[in-house]
Amino acid sequence: MIRLSDIRYRYPRSGWILEGVDLSLGEGDYLLIGGGNGSGKSTLAYIFNGLIPHYFGGILQGSVTVGNLDILKHKVSDLFARVGLVLQNPDAQLFNSTVENEIAFGLESLGLPGAEIDQRIREISTALGLDDLLGRSPQTLSGGERRLAAVASVLCLRPSVLVLD
């Protein structure tokens, strides 16, 4: 599913954050990456879904494939439904007026028909126990509820890979 070969990365105006990273993840694999603040965990997550280098810029060396797609040759939108990323801080991810709109946002971005969007919202909200929160603003939710809403907004896209930063 994900293969990194001899990855080196540095953000604009910084030193190397990652050097010599080799990683191969197959279907059904689980991976836990640990480390202190600033050790590159989030940076690696951004590489998995193409935000690095396409959004954050910087210099990325080496080879990264997701599925059979080379992230350097494909846009983030091509990787959007393949690698779902839940950010460390849910407040940085939640920006819609209601939880329902939050979940719908990514589905609408994919251009799915309204009936399918409604069905996926119902499925994910039932599976995660969010039915009672759909009409609420994410800003009124507890920290745990906000995290769950962020997870729902990514899982509804049915990504092949889920990254929890």
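These numbers come from a predicted model, not from an experiment.

(A) View of the packing of aromatic side chains. In this structure the tally under the stated criterion is 5 aromatic pairs. The interplanar angle of 25° and the centroid separation of 4.7 Å between the aromatic rings of Tyr46 and Phe56 together place this pair among those described as stacked. One end of the pair, Tyr46, is in helix α1 (residues 41–48); the other, Phe56, is in the loop between α2 (51–54) and β3 (59–66), with 10 residues separating them in the sequence. The lysine or arginine in question, Arg8, covers the ring of Trp16, its NZ or CZ lying 3.8 Å from the ring centre. One Lys or Arg, Arg10, reaches over the ring of Trp16 and ends 5.1 Å from the middle of that ring.

(B) Main features of the nonpolar core. With 25 residues, the main nonpolar core has Leu4, Ile47 and Phe48 as its most contacted residues. Elements with a contribution of two residues or more to this core: β1 (2–10), β2 (18–25), α1, α2, β3, β5 (83–86) and β6 (161–164). Among the elements that make up this core, the one with the highest residue count is α1 (5 residues). If we ignore the near neighbours within four places in the chain, the residues touching Ile47 are Leu4, Ile7, Tyr9, Leu18, Ile52, Leu60, Val64 and Ile71. Residues Leu134, Ala150, Val151 and Ala152 belong to the second largest nonpolar core, which totals 20 residues.

(C) The arrangement of unusual backbone geometry in detail. Between Ile52 and Pro53 the backbone carries a cis peptide bond, its omega angle lying at 15°. Secondary-structure assignment places Pro53 in helix α2. A positive phi angle, close to 60°, is found at Arg13, a residue other than glycine. Looking at where Arg13 falls in the secondary structure, it is placed in the loop between β1 and β2. Located in the positive-phi region is Arg158, a residue other than glycine, with phi close to 55°. Along the chain, Arg158 falls in the loop between α6 (143–155) and β6.

(D) Representation of the side chain of Thr98. On the secondary structure map, Thr98 appears in the loop between β5 and α4 (99–109). By relative accessible area, Thr98 is classed as buried at 17%. When neighbours within four sequence positions are excluded, Thr98 is seen to be in contact with Leu134, Gly135, Arg136, Ser137 and Pro138.

(E) Here's a closer look at helix α5 (residues 114–128). For α5, which comprises 15 residues, the first-to-last C-alpha distance of 21 Å matches the rise-based estimate of 21 Å (1.5 Å per residue) to within 8%. Those residues of α5 that sit buried are Ile117, Arg120, Ile121, Ile124 and Ser125. Down the axis of α5, the buried set is contained in an arc of 120°. They therefore lie on one face. Of the exposed residues in α5, those oriented more than 90 degrees away from the buried face are Ala115, Arg122, Thr126 and Ala127. Elements in contact with the buried residues of α5: α4 and α6. Looking one or two residues beyond α5, the residue adopting positive phi is Gly129, at roughly 70°.

(F) Representation of the sheet that holds β3. Taken in spatial order, the 4 strands line up as β2-β1-β3-β4 in an open sheet, and their pairing is antiparallel. Both outer strands of the open sheet, β2 and β4 (69–70), are each paired with one neighbouring strand and no more. Both β1 and β3 contribute to a ladder of 7 bridges, which runs antiparallel. Counted as the bridge partner of Ser5 is Ser63 from β3.

The rules we used
Residues numbered from 1 in each chain as written. Predicted model: local features only at pLDDT ≥ 70, side-chain atom pairs only at ≥ 80, totals over all residues. Heavy atoms only, no water. Phe/Tyr/Trp six-rings, centres within 6.5 Å; stacked < 30°, edge-to-face > 60°. Helix = DSSP H or I, 4+ residues; strand = E, 2+ residues; numbered from the N terminus. Lys NZ or Arg CZ within 6 Å of the ring centre and 35° of its normal. Core = buried A, V, L, I, M, F, W, Y, C linked by side-chain atoms within 4.5 Å. Buried < 20%, exposed > 50% of the residue type's maximum accessible area, 1.4 Å probe, protein only. Contact = heavy atoms within 4.5 Å. Expected span 1.5 Å × (residues − 1). Arc of directions from axis to C-beta. Pairing = 2+ DSSP bridges.

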